[in-house]
Structures are given as C-alpha cells and as structure tokens.
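Per-entry structural report
This is what each chain is made of:
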Amino acid sequence: MFRYQKELFLQLAKEYNCREDDFRRKENVLTTAALHPDRRKYSHEPYFFHMCTLGGNAVITADTCLHPFLEGFMAERTGHWLFELPNLLPLQKELEAYGYSLGSSFHMFLPKIEVQPEKRFPVKWFFGEEIGRFYGDDRFGNAISEPEPNPDRPDTAVVCAYDGENIMGMAGCSQDAKNWYQIGIDVLPEYRSKGVGTALVSLLRAHIEKEGGIPFYGTSLSNYHSWNIALNAGFCPAWVEIGAKKRKE
C-alpha cells in the first residue's frame, strides 16, 4: 500500500464531488461536477468531464448533459478498462458533439518505499521568490511554472544539481492544494542516464515530507524515463486521471 492513501481518498472526493469510500466500491460512480474550494486548481470552471481510477472502479464527475451517455458508457464495465482506447473512442465522439475533446491521461504516483537521498552531486536550493530567476527558461518547463509564476499552484521549492557552474538538472514542487506538492523534474540532455533525476526527486521528496507535506508525481503513459525516476525515488503508481478540454475554434 502506498503512503497517504487516506489523504488521497479525501482529496479526490473533494474534486470528484463524491464520498471517500466511492473509490473503494466495485461499481463505477457518476457525479455532477462542482468546484470545491480545496481542490487542486487546474480549472476555474467545473469539469465538463473528468474520470479517475485507483485500479478498481472508476469515478466520473461531469456536466449533467453528459450523464445519459455516461450511464451507458460505464455500465457493466470494469472501471480501469474505461481508460483503454476502444472505450475512449466513443467517449471522444460524444465529447465532440459539445465542442470538447479528451486530454492526456495522467499517471500519478505517491511515496511507498523509503529511499535515502544520495548526495552524488553538488546541489543548491531555492525557495519562494528566489525561484523567480528561473522563470522564462524553457529548459525547466516541467520543474517549475513556465514562463511565469502560477498563483493557483505556486512553486515553493527548487533543488538544482551542478557540474561546476552549469546546471545539470532541476527538480521543483508546486503547491497544487493544501498540503499537496507536485514534483516536476528536468535533466539537461547531456546529463541524462547518470542518476541526476532520481537524486533530485529523492531530495525534494524528503524535503516535502520533512516539512509535513504530501509529495506526489505525475507523468504520461509512455514516458518511461520519468516513470523510472519516480520508481527509483520510492514512488509507486497510485491513480490515473483523464479529462476533457474545450476545443479551439
């Protein structure tokens, strides 16, 4: 079992407008989307469609106009299979009728195994306003907000590994919700496959937990470089999410 499972159920219940135990049920769950003040602020409007699984059932929150379709979509299907392409294709078609399309799926990780951070490289830490010197540097679009601060998810800490005066890589965290800190990592091409990413993510994870926060990590389905960094830093897969976004005119 991964750490912070109870806290995860509580956080997702706020965002999916459901009960905490809805993620433990065998049946899929459908709710009406709503904006909770303590959500991770990825949108200023209620989700048109958003779906989550922890590997068992699926919990879906959506606009009520989609409910008739979604009731059939999720009926008699195991929740985690709803994320597979054969099931996503008819969902995409339905969303297009309302001017929306599916976004990327996000594979999210939480700590599971205790890892002792390795001090293999010289590092420097930056906090709060000190992080401002890095905004606009497109080398670090995963580690921090780019190109400017995001007030909904402020960057709170950054740790950089150095080769002399040159930055080898950067791990940063943003406060996406109260006590929830998402870690991002960027390693420059010439320094990859040297353990830089794992070392930095492990250091940042330890810092967040020492301060009483919950570190979490997200990546795409096929980014196995990023997956391996998460696994080597003691994280494990915890949940998957996919949502809809408004199509551009």
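Right above here is the structure, for reference.
Note that the structure is a prediction, hence the values are computed from the model and not measured.

Time to look at the overall build of the protein. Helix and strand counts for the protein stand at 5 helices and 10 strands. By the compact-globule yardstick of 18 Å for 249 residues, the protein fits well, its C-alpha radius of gyration being 19 Å. Projected onto its principal axes, the C-alpha coordinates of the protein cover approximately 60 × 45 × 35 Å. Residues counted as buried form 48% of the 249 residues belonging to the protein. In the form shown here, the protein has an accessible surface area of approximately 13100 Å², with 49% of it arising from carbon and sulfur atoms.

Counted by the stated rule, this structure contains 14 aromatic pairs. Aromatic pair Phe216 and Trp239: ring centres 6.1 Å apart, planes at 35 degrees, arrangement tilted. Here Phe216, found in strand S9 (residues 214-219), pairs with Trp239, found in strand S10 (residues 235-246); they are 23 residues apart in sequence, far enough to count as distant. Looking at Phe216, the relative accessible area reads 0%, which means it is buried. Centre to centre, the rings of Tyr224 and Trp227 are 5.9 Å apart; their planes meet at 55 degrees, and the pair counts as tilted. With Tyr224 and Trp227 both in helix H5 (residues 224-232), this residue pair falls 3 residues apart, about one helical turn. Through pairs of rings, three or more aromatic residues link up here, namely Phe109, Tyr217, Tyr224, Trp227 and Phe235.

With that settled, the discussion passes to the side chain of Glu209. As for its position among the elements, Glu209 is in helix H4 (residues 196-210). The exposure class of Glu209 is buried, given its relative accessible area of 18%. A polar contact is formed between the side chain of Glu209 and the side chain of Arg3, at a distance of 3.1 Å. The contact partners of Glu209, leaving out residues within four places of it in the chain, are Arg3, Tyr4, Pro111 and Pro215.

Next up on the list: the environment of Gly195. Structurally, Gly195 is set in the loop between strand S8 (180-187) and H4. With a relative accessible area of 25%, Gly195 lands in the partly exposed category. Remark: the alpha-carbon pair of Gly195 and Ala143, spanning 52 residues in sequence, is separated by 16 Å. Dropping the residues within four chain positions of it, Gly195 is found in contact with Arg120 and Phe121.

So, on to the nonpolar core. Formed by 38 residues in total, the largest nonpolar core has its most connected members in Phe134 and Tyr217. Those elements that provide at least two residues to this core are strand S6 (155-163), strand S7 (166-177), S8, H4 and H5. No other element matches the 7 residues that H4 contributes to this core. With residues near it in sequence (within four places) discarded, Phe134 still touches Phe126, Phe140, Ile144, Val158, Cys160, Ile167 and Met170. Judged by nonpolar contacts, the second largest core, of 21 residues, contains Tyr4, Val29, Leu110 and Ala177.

This next bit is on the environment of Asn150. Summarising the element assignment, Asn150 is placed in the loop between strand S5 (123-127) and S6. For the pair Asn150 and Leu10, spaced 140 residues apart in sequence, the C-alpha separation works out to 24 Å. Side-chain polar atoms of Asn150 contact the backbone nitrogen of Asp152, separated by 2.9 Å.

Take the pairing of strand S2 (residues 49-53) next. Counting buried positions over the 5 residues of S2 gives 5, a clear majority of the element. Neither face of S2 is left uncovered, since the one carrying Phe49, Met51 and Thr53 and the one carrying His50 and Cys52 both have all their residues buried. Two elements, S2 and strand S3 (residues 58-62), share 5 bridges in a ladder whose sense is antiparallel. By the bridge assignment for S3, Cys52 is matched with Val59. Counting the residues that bridge the hairpin from S2 to S3 gives 4 residues, and of these Gly55 lies at a positive phi of roughly 110 degrees. Examined bridge by bridge, S2 and S10 share 4 bridges and lie antiparallel to one another.

Calculation rules
Per chain, the residues get numbers from 1 upward, laid out in the order the sequence is written. Only residues with pLDDT of at least 70 are given local features in this predicted model, and only at 80 or more are side-chain atom pairs given and counted; all residues enter the totals for whole chains, interfaces and linings. Hydrogens and water are ignored here; the side-chain numbers use all heavy atoms of the structure. Think of it this way: any DSSP run of H or I at least four residues long counts as a helix, any run of E at least two long counts as a strand, and we number them from the N terminus. Using C-alpha atoms as the atom set, the radius of gyration is obtained and then compared with a globule rule of 2.2 Å times the number of residues to the power 0.38. Relative accessibility thresholds used throughout: buried, under 20% of the residue-type maximum; exposed, over 50%; partly exposed, between the two (1.4 Å probe, protein chains only). Here the accessible surface of atoms and residues is derived via Shrake-Rupley with a 1.4 Å probe, and residues count as covered only by protein chains that are part of the display. Note on aromatic contacts: the rings of Phe and Tyr and the six-membered ring of Trp form a pair at centre separations within 6.5 Å, being stacked when their planes are under 30 degrees apart, edge-to-face when over 60 apart, and tilted otherwise. As used in this structure description, the phrase polar contact means that two N or O atoms lie within 3.5 Å; if the pair is within protein, one of them must be able to donate a hydrogen and the other to accept it, and residues adjacent in sequence are counted only when both atoms belong to side chains. Working rule for contacts: check all heavy atoms of both residues, and any pair within 4.5 Å makes them a contact. What is meant by a nonpolar core is a set of buried Ala, Val, Leu, Ile, Met, Phe, Trp, Tyr and Cys residues, joined one to another through side-chain atoms within 4.5 Å. Pairing between strands requires that DSSP locate at least two bridges from one strand to the other.

Any link to function would need more than the numbers given here.
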